[in-house]
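Observations on the model geometry
The primary structure of each chain is shown beneath.
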Amino acid sequence: YHLGDASEATVALERCRQRASDDPSWGAANATLVTTAGRFLDALRPSVGRLRLSVEPDDARVLLDGEPIPGTGTVREIEIDPGRHRLMVTAPGYETTHETVSVLSGATDTHSVSLARLPARPATLVVESVDGARILLDGEEIGVGRVEEELPAGSRRLRVEAEGLPPAAAAACIL
C-alpha cells in the first residue's frame, strides 16, 4: 500500500485472511491475523477502484497495463488502483482493441468492449509434386504436378497420385 499499489495490497490481504481462516492450527494467532487483515482491508477499500468490464466474445483475453487479467465470461470485475490504465482485449478471429480507462478512488467504472470479427479471407492452397502427379481435393482432380488455388476456409481431403508411387493422402485444413 505504501508503495502506491492499493489493489495489490488488497489482494494480498484477502489471500492472507483466507489462508488464516482456512488453517485454524495457530488458534488465537490466526484469529488475530484475520481481524487485523480485515481492519487493513476496511481502510484500503476506499482507495481502490473497480473496473466492471462487459466483454464480447466471452472468451476474449484481457490485459490491463500489459498484465493478463485472469478469467473468462462476459462480465469481469477487477480491483485496480485509481488513475488511467491501458486496456487491451484480444481474441482469435477478432480485431484487437486498445483503449484507455480511468477509475477514481472508491468508484466503480463500467466499460464495454465488443470486438469486431475479422473479415473472412480466402486461403491459398499450394501443392508441388512430381511431374504428372494427379492432385485431388475431396476426390476431384484440381491439377497435375503443381496447383495453386484460392479456397474458402474449411477441412478438406487432399490426395496426390503418381504412376509407380504409393498415393499420398492427407487431411488439409485450409485457413
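Keep in mind that this is a model prediction, so the values were computed, not measured.

1. Considering helix 1 (residues 6-22)
For helix 1, which comprises 17 residues, the first-to-last C-alpha distance of 24 Å matches the rise-based estimate of 24 Å (1.5 Å per residue) to within 8%. Where helix 1 is concerned, the buried positions are A6, S7, A9, T10, L13 and A20. End-on view of helix 1: buried residues confined to an arc of 155°, all on one side of the axis. The exposed set on the far side of helix 1, more than 90 degrees from its buried face, consists of E8, R19 and D22.

2. A look at the layout of surface pockets
Here the largest pocket defines a volume of roughly 310 Å³. Looking at the largest pocket, it is lined by 15 residues, and the ones nearest its centre are S7, I69, I78, E79 and I80. Of all elements in the fold, only helix 1, strand 3 (67-69) and strand 4 (75-80) reach the threshold of two or more residues within the lining of the largest pocket. When residues of the lining of the largest pocket are assigned to their parent elements, the largest contribution, four residues, is made by strand 4. When grouped by side-chain class, the residues that make up the lining of the largest pocket number six nonpolar, two polar and seven charged.

3. Looking at the nonpolar core
Ranked by internal contacts, the top residues of the largest apolar core, which has 17 residues, are L51, L53, V62, L64, L87, V89 and L115. Going through the elements one at a time, strand 1 (49-56), strand 2 (61-64), strand 4, strand 5 (83-90) and strand 6 (97-103) are the ones with two or more residues in this core. The biggest single contributor to this core is strand 1, with three residues. Leaving out residues up to four positions away in the same chain, L53 has contacts with V62, T74, V75, R76, I78, L87 and H111.

4. Focus on the sheet that holds strand 5
On the basis of which strands lie adjacent, the open sheet formed by four strands has the order 3-2-5-6 and antiparallel pairing. Every other strand in the sheet has two partners, leaving strand 3 and strand 6 as the edge strands with one partner each. Across this sheet, the average inter-strand angle for adjacent strands is 35°, counted without regard to direction. In terms of strand pairing, strand 2 meets strand 5 through four bridges, oriented antiparallel. In the strand pairing of strand 5, L64 is matched with L87.

5. Some details on unusual backbone geometry
Of the consecutive residues E56 and P57, the connecting peptide bond is found in the cis state with omega at 0°. Considering the arrangement of structural elements, one finds P57 in the loop between strand 1 and strand 2.

6. Some points on the pattern of salt bridges
As enumerated under the stated definition, the model contains eight salt bridges in all. Put simply, E77 and R50 hold a salt bridge, and the shortest N to O gap is 3.0 Å. With E77 in strand 4 and R50 in strand 1, the pair connects residues that are 27 residues apart, well separated along the chain. Residue E77 is classed as partly exposed on the basis of its relative accessible area, which comes to 39%. The salt bridge partner of E148 is R146, with a shortest N-O separation of 3.3 Å. Several salt bridges converge on common partners, so that one network encompasses R50, R52, E77 and E79.

7. Some remarks on the environment of V130
Here V130 is to be found in the loop between strand 8 (123-128) and strand 9 (134-137). Here V130 falls in the partly exposed class, since its relative accessible area comes to 40%. Each C-alpha atom of the pair V130 and A162 lies 7.4 Å from the other, and the pair is 32 residues apart in sequence. Not counting the four nearest positions on each side in its chain, V130 is found in contact with G145, A162 and L165.

Here is what the cut-offs are and how they apply
- Residues numbered from 1 in each chain as written.
- Predicted model: local features only at pLDDT ≥ 70, side-chain atom pairs only at ≥ 80, totals over all residues.
- Heavy atoms only, no water.
- Helix = DSSP H or I, 4+ residues; strand = E, 2+ residues; numbered from the N terminus.
- Expected span 1.5 Å × (residues − 1).
- Buried < 20%, exposed > 50% of the residue type's maximum accessible area, 1.4 Å probe, protein only.
- Arc of directions from axis to C-beta.
- 1 Å grid on protein atoms, 1.4 Å probe; cavity = no way out; pocket = protein on both sides within 12 Å on 5 of 7 lines; lining within 4 Å.
- Points joined across faces, edges and corners; volume = space filled by probe spheres on them.
- Nonpolar A, V, L, I, M, F, W, Y, C, P; charged D, E, K, R; others polar.
- Core = buried A, V, L, I, M, F, W, Y, C linked by side-chain atoms within 4.5 Å.
- Contact = heavy atoms within 4.5 Å.
- Pairing = 2+ DSSP bridges.
- Axes fitted to C-alpha atoms, helices over the stretch in contact; angles between N-to-C directions.
- Salt bridge = Lys/Arg side-chain N within 4 Å of Asp/Glu carboxyl O.

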